[in-house]
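Structure at a glance
Chain residues, written in single-letter form:
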Amino acid sequence: MTAREVYLDNSATTRTDPRVLEAMAPYFSEKYGNPNSLHKYGREARAAVDTARAQTAALINAEPADVVFTGAGSEADNLAVKGAAWALREKGKGAHIITSAIEHHAALSSVKWLGKMGFEYTILPVDGRGMVSPDALEAAIRPDTTLVTIMFANNEIGTIQPIKKLGEVCRRHGVMFHTDAVQAAGHIKIDVKELPVDMLTMAAHKMYGPKGIGALYVRRGIKLIPTLHGGGQEFGLRSGTENVPAIVGFGKAAEIAKARLDAGADKKLAAMRDYFIEGVLSKIPETRLTGAAGDDRLPFHTSFVVKYIEGEGMLLLLDAAGIYASSGSACTSGSLEPSYVLLATGLDHATAHGSLRLTMSHETTKEDIDYVLEKFPPIVEKLRAMSPFYNKK
Ligand SMILES: Cc1ncc(COP(=O)(O)O)c(C=O)c1O
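This section reports on the structure supplied with the text.

Conventions and cut-offs
- Residues numbered from 1 in each chain as written.
- Predicted model: local features only at pLDDT ≥ 70, side-chain atom pairs only at ≥ 80, totals over all residues.
- Heavy atoms only, no water.
- Helix = DSSP H or I, 4+ residues; strand = E, 2+ residues; numbered from the N terminus.
- Buried < 20%, exposed > 50% of the residue type's maximum accessible area, 1.4 Å probe, protein only.
- Polar contact = N/O pair within 3.5 Å; in protein donor to acceptor, adjacent residues only side chain to side chain.
- Axes fitted to C-alpha atoms, helices over the stretch in contact; angles between N-to-C directions.
- Parallel < 35°, antiparallel > 145°, perpendicular 65-115°, else oblique.
- Left-handed = near helix turned anticlockwise from the far one by under 90°.
- Contact = heavy atoms within 4.5 Å.
- Nonpolar A, V, L, I, M, F, W, Y, C, P; charged D, E, K, R; others polar.
- Near = heavy atom within 4 Å.
- Areas by Shrake-Rupley, 256 points an atom, 1.4 Å probe, with all protein chains shown as cover.
- Pairing = 2+ DSSP bridges.
- Right-handed = clockwise from strand over helix to strand, strands pointing away.
- Core = buried A, V, L, I, M, F, W, Y, C linked by side-chain atoms within 4.5 Å.
- Phe/Tyr/Trp six-rings, centres within 6.5 Å; stacked < 30°, edge-to-face > 60°.
- Lys NZ or Arg CZ within 6 Å of the ring centre and 35° of its normal.

Some points on the side chain of Ser 339
As for its placement among the helices and strands, Ser 339 is situated in the loop between β11 (323-324) and α10 (340-344). Judged by relative accessible area, which is 10%, Ser 339 ranks as buried. There is a polar contact of 3.0 Å between the side chain of Ser 339 and the backbone nitrogen of Leu 342.

This is the structure we're talking about:
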């Protein structure tokens, strides 16, 4: 009998849905045309890109012409932040940007880089649940503020921001609003016709699509300065021959995600999440949920800090038990510094070191969760028995 394996790192990436893979396959082989070619093969590829654009737009109730495909979620964040900041400065509107302390590096580092290019920025703090306050945003807006970038939902702690309220503040002050929805899109309902957002980032690989393909929703009429120059593909905003198979895969993944959301799959997952959180907190003493709970949390997301031990130790022993989790975000794990996201929520360094993130998918079963609830507590006990901090108590 093969041992059970439970993949709980779906915030890092998801398994590509077989239906997505099937939709992509012909665009590597018989339908390999360049969508910019005028012949039959080109027209076939162009039609596939158009269909995928419509599917991706439908996921967030956008118009197809308002969706730009990029090479990753990170690239879409870069295009939004740098593209809007430069365009607005060129128009003489100012050069002040506002962001939050818990953004993904794709947005945060873009803002900081702009800081080196003569822009000014303000980084808003978050509360203990990782929430940005709309009042604090309003207070930070200056006459020369042009752009606000605040993520829809956080990758490390699962907190969903009050996007509508934050967007309303921006609207009131005539400031452009971008949100990084890489973790949220496909997992919770997003409607850009209802939400006051001007730009929104998505990535296919977080919603059972392929890696290396992102999308930026850009509200009609907004002018961005491109970050990639060349042949002028993607409405002049992202030069480079379109990655047709990946774009087709994004479209299919978005279509499947929309059908799931319409069927209420997020509610089912949220119920399992709460069962999981409750199980961990009741079985492991001196453990805390990080981030927000209930409707303010991503439905597939759990994250904890387990006192007196290190996240890495838990990861290794969980891995040996066939349970694949993460400690902090995929790109910063491996560093010895505790997560800046956890520190921003007010945790001290020692506690933040004991972080563990377990993120589910639609394939995760109750049996998987029960398996983790059986294996995880003795792992913590074992590590605590070896911990100098625990024994000193
Ligand atoms: C919130 C958030 N933004 C952006 C990204 C970057 O997306 P990509 O991996 O497609 O570049 C990630 C990926 O971890 C993310 O979680």
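Having seen the structure, we can now continue with the description.
Some remarks on the packing of helix α3 (residues 73-90) against helix α4 (residues 105-116)
Running from amino to carboxyl end, α3 crosses α4 at an angle of 30 degrees, the nearest separation of the two axes being 8 Å. Relative to α4, the element α3 lies roughly parallel. Viewed along their axes, α3 and α4 form a crossing whose handedness is right-handed. Where α3 abuts α4, its residues Ser 74, Asp 77, Asn 78, Val 81, Lys 82, Ala 85 and Trp 86 lie against Ala 106, Ala 107, Ser 110, Val 111, Trp 113 and Leu 114. Residues of the contact of α3 with α4, tallied by class, amount to eight nonpolar, three polar and two charged.

Let's talk about the site of the ligand
Lining the immediate environment of the ligand, one finds 13 residues, of which Gly 73, Ser 74, Asp 180, Gln 183 and Lys 206 sit closest. Taking Ser 74, its side chain carries an N or O atom lying 2.6 Å from an oxygen atom of the ligand. At a separation of 2.6 Å, a nitrogen atom of the ligand approaches a polar side-chain atom of Asp 180. Protein burial of the ligand: of its 390 Å² of free accessible surface, 87% is covered by the chains. Broken down by element, the shell around the ligand gets its largest block of residues, three residues, from α3. Among the residues making up the shell around the ligand, the classes are represented as four nonpolar, six polar and three charged.

Observations regarding the pairing of strand β6 (residues 176-180)
When you tally the buried positions in β6, you get five out of five residues, the bulk of the element. Residues Met 176, His 178 and Asp 180 point to one face of β6 and Phe 177 and Thr 179 to the other, with burial holding for every one of them. Examined bridge by bridge, strand β5 (residues 145-149) and β6 share three bridges and lie parallel to one another. Its bridge partner being in β6, Val 148 is matched across the sheet by Phe 177. As a crossover connection, the stretch from β5 through helix α6 (residues 163-172) into β6 is right-handed. Where β6 and strand β7 (residues 199-203) come together, three bridges link them in parallel fashion. Pairing of Thr 179 across the sheet is with Leu 200, part of β7.

Describing the nonpolar core
In this structure, Leu 137, Phe 152, Ile 190, Leu 200 and Phe 376 are the most contacted members of the largest nonpolar core, which totals 90 residues. Not counting the four nearest positions on each side in its chain, Ile 190 is found in contact with Leu 59, Ile 60, Asn 61, Phe 152, Ala 181, Ala 184, Ala 185, Leu 195 and Leu 200. Ranked by size, the runner-up nonpolar core spans 21 residues in total, among them Ala 80, Ala 85, Phe 119 and Met 199.

Quick look at the packing of aromatic side chains
This structure, assessed with the given rule, holds five aromatic pairs. With a centroid separation of 6.4 Å and an interplanar angle of 70 degrees, the aromatic rings of Trp 86 and Trp 113 are classed as edge-to-face. Of this pair, Trp 86 sits in helix α3 while Trp 113 sits in helix α4, and the two are 27 residues apart along the sequence. Take Trp 86: its relative accessible area is 26%, and that puts it in the partly exposed class. These aromatic residues form a ring-pair network of at least three members: Trp 86, Trp 113 and Phe 119. Between Lys 82 and the ring centre of Trp 113, over which it is positioned, the NZ or CZ distance is 4.8 Å.

Function cannot be read off these values alone, since they describe shape.
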